[in-house]
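Examination of the molecular architecture
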Amino acid sequence: MTKQIAVELPGLKMKNPLMPASGTFGFGDAWGADKVNFDELGALVVKTTTPAATTGNPQPQIAMLNDGVMNSVGLTNPGVDVVISDKLPKLRQQHPVLPLVGSVGGASKDEYVLVAQKLAKSGLVDALELNVSCPNVAHGGMSFGVDPQMVESITRAVKDVTGTVPVYVKLTPNVTDIVEIARAAEAGGADGLSLINTVLGLRFNLKTRQPVLGNGMGGYSGTAIKPLAIRMVYQVAHATELPIIGQGGIETAEDVVEFFLAGANAVALGAAHFKDINACPHIAAKLPAVLDQLGINSLTELSEQVRN
Ligand SMILES: Cc1cc2nc3c(=O)[nH]c(=O)nc-3n(C[C@H](O)[C@H](O)[C@H](O)COP(=O)(O)O)c2cc1C
């Protein structure tokens with residue numbers, strides 16, 4: 001049964017297609033992670049890492065809504081040197097065969113290059129994900145990921161220093177044309193794409209007349225963004241050759257099949273973990289029966305059909 005759901009992407013040989021998305025499990029040490037069955041994960045994407053330690057945004061950082069989650073956690077992490085000297089070695093030691101994806105963030109192109117190079121050289125990650133949703137400090141705080149030229153240039157600069165470690169570019173949905181950005185990443189030499197990151201949102205508390213999040217606006221994710229994510233995965237799968245890690249509102253085995261039908265080659269889960277910290281293993285366990293029911297031999301067969 002397990003064979004049907006195994007997938008292979010650049011750098012990632014996964015027993016199943018499911019991985020916790022960046023920001024969900026910290027570095028394997030997030031609150032509640034002691035209850036996670038890491039051996040049943042296909043892979044794990046760790047928290048976005050920046051050159052120096054970064055503290056989070058003002059509280060509250062999380063708002064649970066009816067059909068999703070709003071977060072303004074920010075890029076809370078201890079900085080790349082501590083991640084390499086402390087966080088990743090512990091994770092590797094505890095889970096030696098689990099494919100690990102490092103997530104790279106920064107406030108300038110040079111910062112992305114620095115973090116990516118250090119993570120790649122550490123030998124502790126199997127792949128890298130470039131979180132281009134970070135604000136571009138030099139250009140008024142607009143996210144790097146909305147500018148195709150910047151995405152191409154960062155991707156190329158990172159690829160120049162990361163050797164054989166595959167680089168996935170994580171796309172933000174907060175753009176007019178996702179295909180243009182995906183093609184820019186491909187032109188820059190990306191080995192894969194990861195999409196979508198959170199959708200920029202805002203909610204108010206009617207009594208206090210203040211935003212529900214301490215930082216004002218925040219990233220919205222969960223069930224409500226699923227149709228948007230599936231649409232973008234579909235568009236990108238038909239416009240580039242790159243393998244895709246699909247994400248956005250996935251919480252069932254049927255959702256996984258739907259993302260594969262749209263063109264994903266693996267999937268990541270974020271918001272679903274607020275309901276079930278073992279969402280990935282639970283979905284992985286259900287997938288073979290759902291594939292049987294739908295007359296599908298393997299997930300890989302689905303992705304191949306989309307690309308042919
Ligand atoms: C609490 C929280 C923290 C997140 N932190 C990061 C992060 O550090 N880096 C990143 O690339 N994405 C981050 N994300 C986005 C997720 O990785 C994922 O791409 C997005 O939430 C869509 O998936 P979902 O609908 O399953 O949540 C975060 C999401 C949540 C909910």
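So, here is what we can say about the structure in this document. (Residues numbered from 1 in each chain as written. Predicted model: local features only at pLDDT ≥ 70, side-chain atom pairs only at ≥ 80, totals over all residues. Heavy atoms only, no water.)

**Observations concerning the pairing of strand β16 (residues 266-269)**
Of the two faces of β16, both are covered, the one formed by Ala266 and Ala268 as well as the one formed by Val267 and Leu269. With three bridges joining them, strand β3 (residues 18-20) and β16 adopt parallel strand pairing. Its bridge partner being in β16, Met19 is matched across the sheet by Ala268. Taken together, the three bridges between strand β15 (residues 244-247) and β16 define a ladder with parallel strand orientation. (Buried < 20%, exposed > 50% of the residue type's maximum accessible area, 1.4 Å probe, protein only. Helix = DSSP H or I, 4+ residues; strand = E, 2+ residues; numbered from the N terminus. Pairing = 2+ DSSP bridges.)

**As for helix α7 (residues 253-262)**
Among the ten residues of α7, seven are classified as buried, and the element is accordingly described as predominantly covered. Among the residues of α7, Ala253, Asp255, Val256, Val257, Phe259, Phe260 and Ala262 are the ones counted as buried. Backbone geometry just downstream of α7 places Gly263 in the positive-phi region, at approximately 130°.

**Some remarks on the side chain of Ser103**
Mapped onto the fold, Ser103 is located in strand β7 (residues 100-104). Its relative accessible area of 0% is what places Ser103 among the buried residues. With sequence-adjacent residues up to four places away left out, Ser103 is seen in contact with Ser22, Val45, Val46, Lys47, Thr48, Thr49, Leu119, Glu129 and Asn131. (Contact = heavy atoms within 4.5 Å.)

**Observations concerning the site of the ligand**
Lining the immediate surroundings of the ligand are 23 residues, of which Ser22, Lys47, Thr48, Gly249 and Ala271 lie closest. One of the side-chain nitrogen or oxygen atoms of Lys47 is found 2.8 Å away from an oxygen atom of the ligand. Thr48 is positioned such that a nitrogen or oxygen atom in its side chain is 2.7 Å from a nitrogen atom of the ligand. Its free accessible area being 610 Å², the ligand has 96% of it covered by the protein chains. Residues belonging to the shell around the ligand are distributed by class as follows: eight nonpolar, 13 polar and two charged. (Near = heavy atom within 4 Å. Polar contact = N/O pair within 3.5 Å; in protein donor to acceptor, adjacent residues only side chain to side chain. Areas by Shrake-Rupley, 256 points an atom, 1.4 Å probe, with all protein chains shown as cover. Nonpolar A, V, L, I, M, F, W, Y, C, P; charged D, E, K, R; others polar.)

**Topic: the pattern of salt bridges**
Opposite charge on two side chains permits pairing when their charged atoms draw close. Under the defined criterion, the tally for this structure stands at nine salt bridges. The partner of Lys87 in a salt bridge is Asp29, and the shortest N-O contact between them spans 2.8 Å. Here Lys87, found in helix α2 (residues 80-94), pairs with Asp29, found in the loop between β3 and β4 (44-49); they are 58 residues apart in sequence, far enough to count as distant. The class of Asp29 is partly exposed, set by a relative accessible area of 42%. The salt bridge partner of Lys90 is Asp86, with a shortest N-O separation of 2.9 Å. Here Lys90 and its partner Asp86 are both found in helix α2, four residues apart, which amounts to about one turn of the helix. Among the residues examined, Lys90 registers a relative accessible area of 46% and is labelled partly exposed. (Salt bridge = Lys/Arg side-chain N within 4 Å of Asp/Glu carboxyl O.)

**Notes on the sheet that holds strand β9 (residues 167-170)**
In space, the eight strands of this open sheet follow the order β3-β16-β15-β10-β9-β8-β7-β4, with parallel pairing throughout. Each of the sheet's edge strands pairs with one partner strand only, and the pair in question is β3 and β4. Pairwise comparison of adjacent strand axes, ignoring direction, gives a mean angle of 25° for this sheet. Here three bridges tie β9 to strand β10 (residues 192-195), and the two strands are oriented parallel to one another. Across the sheet, the residue bridging to Lys170 is Ser194, located in β10. Against the sheet, helix α4 (residues 148-159) touches β8 (127-131) and β9, its axis set at about 155° to β9. Contacts from α7 reach β3, β15 and β16, with the element oriented near 135° to β16. (Axes fitted to C-alpha atoms, helices over the stretch in contact; angles between N-to-C directions.)

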